[in-house]
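# Reading the structure
Listed below are the residues making up each chain.
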Amino acid sequence: MDAIAPGLLPEGLADRLPPQAEASARLVREVLDSVARHGYRRVMPALAEFEETLVTRLQSAKAEDLLRAVDPVSQRTLAIRPDMTAQIGRIAATRMAAAPRPLRLCYGGPVMKLRADQLRPERERMQVGAEIIGSDSVPAAVEIVNVAIEALQRAGVQGITIDFTLPDLVTTLAEGPMPVPPHEIERLRARLDAKDAGSLAEMGVSAAPYQALIEATGPFHPAMTRLEAIDAGCANGALASRIAALRAIAKPIGWDITLTLDPTERHGFEYQSWFGFSIFAEGFIGEIGRGGAYQVARADGTSEAAMGFSLYPDPLIDAGFGSESGKRLFLPLGHDAGRAAELRAEGWVTIAALSRADDAGALGCEAMLDGKEITPLG
Ligand SMILES: N[C@@H](Cc1c[nH]c[nH+]1)C(=O)O
């Protein structure tokens, strides 16, 4: 094998340099501060854990999608977390099993996937989010969606779109009022993913009623009207409670947020149940966040309802969110340390000379301390 060039990182991994490293930390901080005001308390799950505990807790990550290694210490396979929600579930089901419900927790940190996806080449991503453990009710969904929106808006994100989905919709219909043989469901879902009405028709009579679901996609209100028509027709009222829930979740959302519906969307919703949502922001390709209802498995075989959201803020950071350009002041050799401390307290960033060779301009300073005075640099 050839030697690795110095500074080369594996595909999909990258360092964050100034000023983005600081911007990333600031943005994560802003989101966490915003959710903390709603009573979410921070946990810091471990960076890696036993593969089986990550895979089984939510049926989320499939083992082959995890970055794994055999731990020489425990002789077991460890995996780097691909999604902190599963870890929050583990913590809630074990060490915080006795904590009162609903349990509100939040988190922020890097996660790692084995493979990049088509839209995002990076494998390591920052994830920040909040989870309610102990409820997946409509009020829990209302809170989670609104807390996510508020956190993004406080961070300055505009042009937010929330796309609602019903992750278990197809299974519910296929097992109930719109029956499809179990071995056909996957094929049906793939064709719905492709929004290909023609290929659905080719699947035969049992798949035909599903064509209407393709039409129930797009701006929220017209799409909901179409979903209601499906419910009144071939779904035989099986969706009534879901439709009412979606309307209740949508109701308090501000007019400045665009709402859409994509009832059969399942990409990224591997473990969510009756409700899911994706978050988009104007000018960004792909989602910047996602959330929904799910179940956390407990050791005794029972499960607990939960609801949460995760944001993936890296594209925002690349676009300049979170950056704050502090004014940089050069402190020459022998400067007045007391005055410099005062100026730092006023918000200046000070760069102290270590030798006569240090160049204020090259070090990015816009001013210099001259006695007690600030002198702008040309
Ligand atoms: N962790 C999920 C989103 C989520 C949080 N809570 C529930 N769902 C994801 O990143 O896709």
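The structure under discussion appears in the preceding block.
An account of the accompanying structure is given in this report. Source: prediction; values computed, not measured. (Residues numbered from 1 in each chain as written. Predicted model: local features only at pLDDT ≥ 70, side-chain atom pairs only at ≥ 80, totals over all residues. Heavy atoms only, no water.)

This part is about the packing of helix 4 (residues 138-154) against helix 10 (residues 240-250). How two helices sit against one another is set out by the angle between their axes and by the gap between those axes. At a minimum axis separation of 9 Å, helix 4 and helix 10 run at an interaxial angle of 35°. Of the two elements, helix 4 crosses helix 10, and the hand of that crossing is right-handed. In contact with Val-138, Ala-141, Val-142 and Val-145 of helix 4, helix 10 contributes Ala-245, Ala-248 and Ile-249. A breakdown of the residues in the contact of helix 4 with helix 10 according to their chemical character gives seven nonpolar, no polar and no charged. (Axes fitted to C-alpha atoms, helices over the stretch in contact; angles between N-to-C directions. Helix = DSSP H or I, 4+ residues; strand = E, 2+ residues; numbered from the N terminus. Left-handed = near helix turned anticlockwise from the far one by under 90°. Contact = heavy atoms within 4.5 Å. Nonpolar A, V, L, I, M, F, W, Y, C, P; charged D, E, K, R; others polar.)

Here nine strands make up an open sheet; going across it, the order is 1-5-6-12-11-10-7-9-8 and the pairing mixed. Edge positions in the sheet fall to strand 1 (41-42) and strand 8 (218-219), since each of these pairs with one other strand and no more. Where strand 11 (residues 289-297) and strand 12 (residues 303-311) come together, nine bridges link them in antiparallel fashion. Across the sheet, the residue bridging to Gly-291 is Phe-309, located in strand 12. Across the face of the sheet, helix 4 comes into contact with strand 5 (103-112), strand 6 (124-133), strand 7 (160-165), strand 10 (276-281) and strand 12 while running at roughly 20° to strand 12. (Pairing = 2+ DSSP bridges.)

Another point: empty space enclosed by the protein. Scanning the entire structure with this criterion turns up one cavity of 30 Å³ or more. As a volume, the largest cavity reaches approximately 30 Å³. Lining the largest cavity are Leu-27, Val-31, Val-128, Leu-152, Ala-155, Leu-311, Pro-313 and Leu-316. The residue inventory of the lining of the largest cavity, partitioned by class, reads eight nonpolar, no polar and no charged. (1 Å grid on protein atoms, 1.4 Å probe; cavity = no way out; pocket = protein on both sides within 12 Å on 5 of 7 lines; lining within 4 Å. Points joined across faces, edges and corners; volume = space filled by probe spheres on them.)

What the largest pocket holds in volume is close to 700 Å³. Looking at the largest pocket, it is lined by 31 residues, and the ones nearest its centre are Asp-65, Lys-113, Gly-268, Glu-270 and Arg-290. Broken down by secondary-structure element, the contributors of at least two residues to the lining of the largest pocket are strand 6, strand 11 and strand 12. Counting residues per element, the lining of the largest pocket draws most heavily on strand 11, which supplies four residues. Classifying every residue of the lining of the largest pocket by side-chain character gives eight nonpolar, 10 polar and 13 charged. Of the pockets and cavities examined, the second largest pocket occupies roughly 320 Å³. If you trace the second largest pocket, you find 15 residues lining it, with Asp-117, Leu-119, His-267, Gly-286 and Glu-287 closest to the centre. Class assignment for the residues of the lining of the second largest pocket results in four nonpolar, four polar and seven charged.

Taken across its nine residues, strand 12 has eight buried, putting it largely inside the fold. Pairing of strand 6 with strand 12, which is carried by six bridges, proceeds in the antiparallel orientation. Counterpart to Val-128 in the pairing with strand 12 is Leu-311. Adjacent in sequence and paired antiparallel, strand 11 and strand 12 are bridged by five residues, among which Gly-301 carries a positive phi angle near 90°. (Buried < 20%, exposed > 50% of the residue type's maximum accessible area, 1.4 Å probe, protein only.)

Attention now goes to the nonpolar core. Phe-164, Tyr-210, Leu-227 and Phe-275 are the most contacted members of the largest nonpolar core, which totals 72 residues. The element that contributes the greatest number of residues to this core is helix 4, accounting for nine residues. Membership of the second largest hydrophobic core comes to 23 residues, among which are Leu-54, Leu-58, Ala-86 and Tyr-312. (Core = buried A, V, L, I, M, F, W, Y, C linked by side-chain atoms within 4.5 Å.)

All right, on to the pattern of salt bridges then. If you walk through the whole model with that rule in mind, you get 19 salt bridges. Across the pair Arg-266 and Glu-186 runs a salt bridge whose closest N-O atoms are separated by 3.0 Å. On the criterion of sequence distance, the pair formed by Arg-266 in the loop between strand 9 (258-261) and strand 10 and Glu-186 in helix 6 (residues 182-193) is long-range, its members being 80 residues apart. For the salt bridge of Glu-228 with Arg-247, the shortest nitrogen-to-oxygen distance reads 3.1 Å. Of the two residues, Glu-228 is situated in helix 9 (residues 220-232) and Arg-247 in helix 10; the sequence distance between them amounts to 19 residues. When its relative accessible area of 30% is taken as the criterion, Arg-247 is described as partly exposed. Put simply, Arg-16, Asp-314 and Asp-318 are held in one network by salt bridges that share partners. (Salt bridge = Lys/Arg side-chain N within 4 Å of Asp/Glu carboxyl O.)

On to the site of the ligand, then. The environment of the ligand is made up of 15 residues, and the closest members are Thr-85, Glu-131, Tyr-271, Arg-290 and Tyr-312. Side-chain polar atom of Arg-290 to an oxygen atom of the ligand: 2.5 Å apart, as the coordinates give it. In the complex, the protein chains occlude 98% of the 300 Å² of accessible area that the ligand would expose alone. Applying the majority rule of atoms within 2 Å of the grid points places the ligand in the largest pocket. Among the secondary structure elements, those contributing two or more residues to the shell around the ligand are strand 6, strand 11 and strand 12. In terms of residue count, strand 11 provides more of the shell around the ligand than any other element does, four residues in total. Residue composition of the shell around the ligand, by class: four nonpolar, eight polar and three charged. (Near = heavy atom within 4 Å. Polar contact = N/O pair within 3.5 Å; in protein donor to acceptor, adjacent residues only side chain to side chain. Areas by Shrake-Rupley, 256 points an atom, 1.4 Å probe, with all protein chains shown as cover. Sits in = over half its atoms within 2 Å of the grid points.)

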